[in-house]
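The chain contents come next:
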Amino acid sequence: MTKKMYYDSAYLSQWETNIVETLEKEDGYYVILEETAFYPHGGGQPCDVGFIQGIPVLDVVSEADVVLHKLERMPDDSKVSCEIDWNRRFDHMQQHSGQHLLSAVCVDLYGMNTLSFHLGTDYCTIDVEASELSTSQLESIEREVNRQIYQNREILSYWVTETEVKSLNLVKQPKVTENIRIVEIKGIEYNACGGTHVSSTGEIGMIKLLKMEKQKGNIRIYFKSGYRALEEFNDSQRILGTLSAKFKTGKDEIIQRIEKWEQEQKQLQAELAILKEQNNEYVAEQLLNNQEGSLIAYRFEDKTLKDLQSLATKITAHRDDVMVLLATTAENKVVLARSNHSGHSCGAFFKEHLGKFNGKGGGSEVLAQAGFPTWEDAFAFYEFSSQNLK
């Protein structure tokens with residue numbers, strides 16, 4: 001049985017102990033320590049990492065009464081020094097304590113119980129028992145949870161018996177009947193929990209609610225606590241500052257400036273579409289005037305696939321005995337089209353020959369298109385098609 005020091009103090013990060021057993025499993029090397037402060041996976045909280053005798057700890061898992069530490073290699077000595085990655089540990093403490101406080105406020109304000117908790121690398125979530133949650137309610141929750149942080153309420157952890165636990169107003173009854181660990185936020189809640197926590201709500205720092213979404217009939221709230229929330233604020237400030245400089249306006253006017261820019265872009269896109277249509281009409285007319293034989297073949301440097309399809313359709317609409325083969329170096333694409341009275345099937349031709357040139361695509365009898373990994377492949381197919389279709 002491993003002595004689990006993280007239950008005694010979440011702030012212990014360095015110690016010396018003995019290795020009582022070593023294991024070599026299919027997935028790597030493991031050691032069991034006489035006593036450990038490395039927290040294993042459990043209760044929605046990821047494990048700690050760090051070093052044992054200078055060797056990186058890759059994973060920590062709990063099996064029955066022992067804690068297994070996965071290492072890059074086995075230590076040479078049985079007596080070892082251990083060190084936890086404190087930044088990761090304290091981050092988990094802030095997020096987990098933040099979740100307890102956030103869940104308690106959700107119950108207190110709107111009677112919404114927490115159904116699940118996820119502590120991820122980038123953000124945390126809780127799923128609350130509610131079918132709807134308004135933006136104003138979310139804002140009220142955020143204000144209240146931060147107000148409780150500033151109260152700097154003490155956070156305690158202790159063990160109780162099955163009899164003692166019945167006298168506590170727990171958020172949820174524990175599944176175990178012995179070794180019941182309680183995490184108490186003074187004046188707020190009692191919660192059966194085995195995780196690591198800060199010693200007071202003030203150490204949570206702050207909680208920022210990021211967004212909410214519906215999840216299986218309930219509401220999922222995304223949030224960050226402590227240093228994560230500070231980094232989120234700094235990232236937002238950097239983005240806001242960049243936008244403010246780009247649009248040459250104050251932050252209070254950025255939204256209006258972006259909306260105006262979007263309208264300008266829509267207008268420009270509409271005008272561009274008209275000009276492109278007129279240009280395609282002109283190019284189609286030029287290609288028809290220069291037609292020699294039943295195949296019109298041409299390569300473009302700046303056309304998109306959509307442009308090629310539009311051109312091919314316009315040309316075949318003017319003549320009932322023509323095939324059109326177009327290519328673009330901009331996208332490594334080739335288009336083949338025919339009028340309704342031509343005898344070749346465009347899709348069948350592509351299907352038969354594309355594989356030889358690393359091309360992918362297809363189409364109908366009257367229009368087919370294909371893409372290629374390089375222009376060399378596209379050009380080779382274009383040349384092959386030009387020779388065969390003539």
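Peer 1: Explain unusual backbone geometry residue by residue, including any values.
Peer 2: Backbone geometry places A64, a non-glycine residue, at a positive phi of 55 degrees. Turning to its location among the elements, A64 is positioned in the loop between β6 (55-63) and β7 (66-71). When its relative accessible area of 73% is taken as the criterion, A64 is described as exposed. At K248, a residue that is not glycine, the phi angle is positive and equals roughly 55 degrees. In this fold, K248 is placed in the loop between α4 (226-246) and α5 (254-289).

Peer 1: Got a sec to walk through the sheet that holds strand β12 (residues 180-185)? Specific residues and values, please.
Peer 2: If you trace the 3 strands from one edge of the open sheet to the other, you get β11-β12-β13, paired in antiparallel fashion. What marks the edges here is a single partner per strand, and that holds for β11 (155-160) and β13 (189-192). Taking each pair of neighbouring strands and ignoring which way they run, the sheet shows an average axis angle of 25 degrees. Inspection of the sheet shows β12 paired to β13 by 4 bridges, in the antiparallel sense. Of the residues in β13, the one forming a bridge with E184 is Y190.

Peer 1: Outline the nonpolar core, listing residues and values.
Peer 2: A general trend in soluble globular proteins is that nonpolar side chains are found buried together. Residues L102, C106, I126, I141, L209, I221 and F223 are the most contacted members of the largest nonpolar core, which totals 30 residues. Within the residue set of this core, elements represented by two or more residues are α1 (86-110), β9 (114-119), β10 (124-128), α2 (135-150), β12, β14 (207-215) and β15 (218-225). Considering each element in turn, this core owes the most residues, 6 residues, to α1. If we skip the residues at most four places from it in the chain, I141 touches L102, V105, C106, L109, Y110, M112, L133 and L209. Formed by 19 residues, the second largest nonpolar core is a distinct cluster that contains M5, A37, V80 and I84.

Peer 1: So what about the packing of α1 against α2? Which residues, and what values?
Peer 2: At a closest axis distance of 9 Å, the pairing of α1 and α2 adopts a crossing angle of 125 degrees. Considered as vectors, α1 and α2 are oriented oblique to each other. Considering only the axes of α1 and α2, their crossing is right-handed. Side by side, α1 and α2 meet where L101, L102, V105, C106, L109 and Y110 of the first sit next to Q137, S140, I141, E144, V145, Q148 and I149 of the second. Tallied by class, residues from the contact of α1 with α2 come to 9 nonpolar, 3 polar and 1 charged.

Peer 1: Describe the environment of F357, and please don't skip the residues or the numbers.
Peer 2: Among the structural elements, F357 can be located in the loop between α7 (346-353) and β19 (360-363). Counting along the chain gives 22 residues from F357 to F379, while the straight-line C-alpha distance between them is 9.4 Å.

Rules behind the numbers
- Residues numbered from 1 in each chain as written.
- Predicted model: local features only at pLDDT ≥ 70, side-chain atom pairs only at ≥ 80, totals over all residues.
- Heavy atoms only, no water.
- Helix = DSSP H or I, 4+ residues; strand = E, 2+ residues; numbered from the N terminus.
- Buried < 20%, exposed > 50% of the residue type's maximum accessible area, 1.4 Å probe, protein only.
- Pairing = 2+ DSSP bridges.
- Axes fitted to C-alpha atoms, helices over the stretch in contact; angles between N-to-C directions.
- Core = buried A, V, L, I, M, F, W, Y, C linked by side-chain atoms within 4.5 Å.
- Contact = heavy atoms within 4.5 Å.
- Parallel < 35°, antiparallel > 145°, perpendicular 65-115°, else oblique.
- Left-handed = near helix turned anticlockwise from the far one by under 90°.
- Nonpolar A, V, L, I, M, F, W, Y, C, P; charged D, E, K, R; others polar.

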